[in-house]
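# Report on the structure
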Amino acid sequence: MKSTSIRWSAVAAIAASALAVSACAGTAPEASDGEGISGTISLMSYTSIWQEAYQEAVLDPFLEENPGVTVNYLSKRTSAEMLSALQAEKDRPATDVAIMDSTVSASANAQGLFQKFDESEVPNLANVKDEFLDPEGYGPYVMLDAIALLYDTERIDTAPDSWTELWNSDYKGQLNITAPPALGGVALTAITSEMKGEDYTESIDKAVAELQELAPSVQTWAPNPDEYQNIISGQTIMGMGPSARAQYYTDQVDGKLGIVFPEEGTTYQINTINLVEGAPNSEAAKALIDYALTPEAQAAFAERLFYAPAVDVDLPADVADRVVPTDGSLKIIDLDNDFLQTARDEWTDIWKREIIGG
């Protein structure tokens, strides 16, 4: 079934009352003195509009409920940047909580950068859907999105329904693609392998050959300031990126940014919320994670930035229609996180050598 352009009018701003969150479903961890949590939590996650949305929808209500706590937000552009920062501080951790892409957090788990926790420490872990829990007890999914094909609706009249439109010679030199180790390039590798009938866990030879054909059409492999603004500004005409932020931006530009999920399928972009091994303020960090997994916090962030919640919540219809479906209705090409722990660096080298540099 062909995808159609996803264009909506702007949703109403979130009412202040939606952010005044009621008590959590479970009891938040307390400091040993029994007077509640206190101190500074260092949270590492994404920058720009993601940071603004998370501050307003989750952090501000959490801080209102916990006046003895402050949050030091450590902003990074990508999960790969977060992983590098956490590796650098492994012997002397300065970060308490990290929210990052699941393909990267799996590697962090394997490296011992994150620690396991359960419902006795984070009661609202019970809210998370079973399929979104880590089987080994590491940080669960906290929100979900998917990679979309993005295009300029003012210059492309008909919504593209296939990833093959990236190879359309009409758009030569007008594409923006985010290269590995960023998720966009990893996802495009898996998607291209799928289109060529290849199992990417066995070989990406066919995908690489196809991506070499795509390379001359790409204007930039590192969209600046991001993959959305390049299209909005007219610098490029088509690209790819996570849908949720695109939903936000398309409201700001009256639908100029088109968003589609092509018929060949796409990959999820999943964020996990993680407790750093040796976190300086572990108890307060667990309380923040606990709050982030409440239905109230999950709904508030979905309304603010259109990420699908990891817990069961009732979203307004105009929001529910714009978050990525997690009910099986969207064709998903699975990203094997265990495989990508080792393959990501290899794929990055192949891209640099044979696709970008070839």
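Refer to the preceding data block for the structure.
Below you will find a few notes about this structure. (Residues numbered from 1 in each chain as written. Predicted model: local features only at pLDDT ≥ 70, side-chain atom pairs only at ≥ 80, totals over all residues. Heavy atoms only, no water.)

## Regarding the overall build of the protein
Put simply, the rule reads: Counting from the N terminus, the helices are DSSP H or I runs at least four residues long and the strands are E runs at least two residues long. The reference for a compact globule is 2.2 Å times residues^0.38; the radius of gyration itself is calculated from the C-alpha atoms. Summary of the burial criterion: residues with accessible area below 20% of their type's maximum are buried, those above 50% are exposed, and those between are partly exposed, where the area comes from a 1.4 Å probe applied to protein chains only. Any pair of residues with heavy atoms lying within 4.5 Å of one another is described as a contacting pair. What sets the accessible areas is the Shrake-Rupley method with a 1.4 Å probe; for residues, cover comes only from the shown protein chains. The charge count includes Lys and Arg as positive and Asp and Glu as negative, but it does not include His or the ends of the chains. We put the charge of a Lys on NZ, of an Arg on CZ, of an Asp on CG and of a Glu on CD.
Regarding its fold elements, the protein presents 12 helices and 11 strands. Against the compact-globule benchmark of 21 Å for 358 residues, the protein has a radius of gyration of 20 Å, which places it among compact chains. Referenced to the eigenvectors of the C-alpha coordinate spread, the extents of the protein come out at roughly 65 × 45 × 35 Å. Taking all 358 residues of the protein together, the buried fraction comes to 56%. Within the protein, counting contacts between residues at least 6 apart in sequence, those at least 24 apart form 77% of the total. Total accessible area computed for the protein in this model is approximately 14,800 Å², and 44% of it derives from carbon and sulfur atoms. In the protein, the 21 positive side-chain charges and the 57 negative ones have mean positions that sit 8 Å from each other.

## Structural notes on the environment of Pro-316
On the secondary structure map, Pro-316 appears in the loop between strand S11 (308-309) and helix H11 (317-320). It is 29 Å that separates the C-alpha atoms of Pro-316 and Asp-226, two residues lying 90 residues apart in sequence.

## A few points about the pairing of strand S10 (residues 268-276)
Worth spelling out the cut-off: When DSSP finds two or more bridges between a pair of strands, those strands are recorded as paired.
With nine of its nine residues buried, S10 lies for the most part within the structure. Burial along S10 is two-sided: Tyr-268, Ile-270, Thr-272, Asn-274 and Val-276 facing one way and Gln-269, Asn-271, Ile-273 and Leu-275 facing the other are all buried. With five bridges joining them, strand S3 (residues 97-101) and S10 adopt antiparallel strand pairing. Bridged to Val-97 within S10 is Leu-275. Sheet topology places strand S4 (residues 114-115) next to S10; two bridges connect them, and they run antiparallel. By the bridge assignment, Gln-115 is partnered in S10 with Leu-275. As judged from the five bridges shared by strand S5 (residues 141-152) and S10, these two strands associate in the antiparallel manner. Within S10, the position partnered with Ala-146 by the bridge is Tyr-268.

## Some details on the packing of aromatic side chains
The criterion, for reference: Classification of ring pairs uses Phe, Tyr and Trp, with its six-membered ring standing for Trp, and accepts pairs whose centres are within 6.5 Å; under 30 degrees between planes counts as stacked, over 60 as edge-to-face, and the remaining range as tilted.
Going through the model one piece at a time under the given rule, you end up with 13 aromatic pairs. For the ring pair Phe-339 and Trp-347, a centre distance of 6.1 Å and an interplane angle of 65° mean the geometry is edge-to-face. Exposure remark for Phe-339: the relative accessible area of 22% places this residue in the partly exposed category. In this structure an aromatic cluster arises from ring pairing among Tyr-46, Trp-50, Tyr-54, Phe-301 and Tyr-307.

## Remarks on the pattern of salt bridges
This is how it is decided: Salt bridge, as used here, is a side-chain nitrogen of Lys or Arg placed within 4 Å of a carboxyl oxygen of Asp or Glu.
All chains considered together, the criterion is met by 10 salt bridges. The partner of Asp-152 in a salt bridge is Arg-155, and the shortest N-O contact between them spans 2.9 Å. Asp-152 gets classed as buried once you look at its relative accessible area, which sits at 1%. In this structure, Lys-196 engages Glu-210 in a salt bridge whose closest nitrogen and oxygen atoms are separated by 3.6 Å.

## Digging into the pairing of S5
Within S5, 11 of the 12 residues are buried, leaving the element largely enclosed by the surrounding structure. Both S5 and S11 contribute to a ladder of two bridges, which runs antiparallel. Each residue of the ladder has a partner; that of Met-143, found in S11, is Pro-309. Judged from the five bridges that link them, S5 and strand S8 (residues 238-242) form a sheet pairing that is antiparallel. Counterpart to Tyr-151 in the pairing with S8 is Met-238.

## What about unusual backbone geometry?
Between Pro-180 and the following residue, Pro-181, the backbone shows a cis peptide bond with an omega angle of 15°. Position of Pro-181 among the secondary structure elements: in the loop between strand S6 (175-176) and helix H5 (183-195). Across the junction of Asn-224 and Pro-225, the peptide omega takes the value 10°, indicating a cis bond. Of note, Ser-48 is a non-glycine position whose phi angle comes to about 65°, a positive value.

## Describing helix H2 (residues 48-65)
Working note: α-helix, 3.6 residues per turn, so residues spaced by three or four point in the same direction. For the record, the criterion: To estimate the expected span of a helix, subtract one from its residue number and multiply by 1.5 Å. Across the chain, bend at a residue is computed as the angle between axes fitted to the seven residues ending at that point and the seven starting from it.
With 18 residues, H2 should cover 26 Å at 1.5 Å per step; its first-to-last C-alpha distance of 25 Å lies within 8% of that length. The axis of H2 is deflected most strongly, by about 45°, at Gln-55.

## As for empty space enclosed by the protein
The criterion, for reference: Using only the protein atoms, space was sampled on a 1 Å grid; points where a 1.4 Å probe fits but cannot get out form cavities, open sets with protein on both sides within 12 Å along at least five of seven lines form pockets, and lining residues are those with an atom within 4 Å of a point. Grid points are joined across faces, edges and corners, and a volume is the space filled by probe spheres set on the points. Ten residues, namely Ala, Val, Leu, Ile, Met, Phe, Trp, Tyr, Cys and Pro, are considered nonpolar, four, namely Asp, Glu, Lys and Arg, are considered charged, and the remaining ones, Gly among them, are considered polar.
In total, this model carries one cavity of 30 Å³ or more according to the counting rule given. Approximately 70 Å³ is the volume attributed to the largest cavity. Together, Tyr-54, Val-58, Val-142, Met-143, Ala-292, Ala-297, Gln-298, Phe-301, Ala-302, Tyr-307, Ala-308 and Pro-309 line the largest cavity. Put simply, the parts of the chain that give the lining of the largest cavity at least two residues each are H2, S5, helix H10 (295-305) and S11. Taken together, the residues of the lining of the largest cavity break down into 11 nonpolar, one polar and no charged.

## Observations concerning the environment of Pro-181
Assessed through its relative accessible area of 32%, Pro-181 is described here as partly exposed. Taking the C-alpha atoms as reference, Pro-181 lies 7.0 Å from Asp-345; in sequence the two are 164 residues apart. If near-sequence neighbours (up to four positions away) are discounted, Pro-181 is found in contact with Ala-80, Val-186, Arg-344 and Thr-348.

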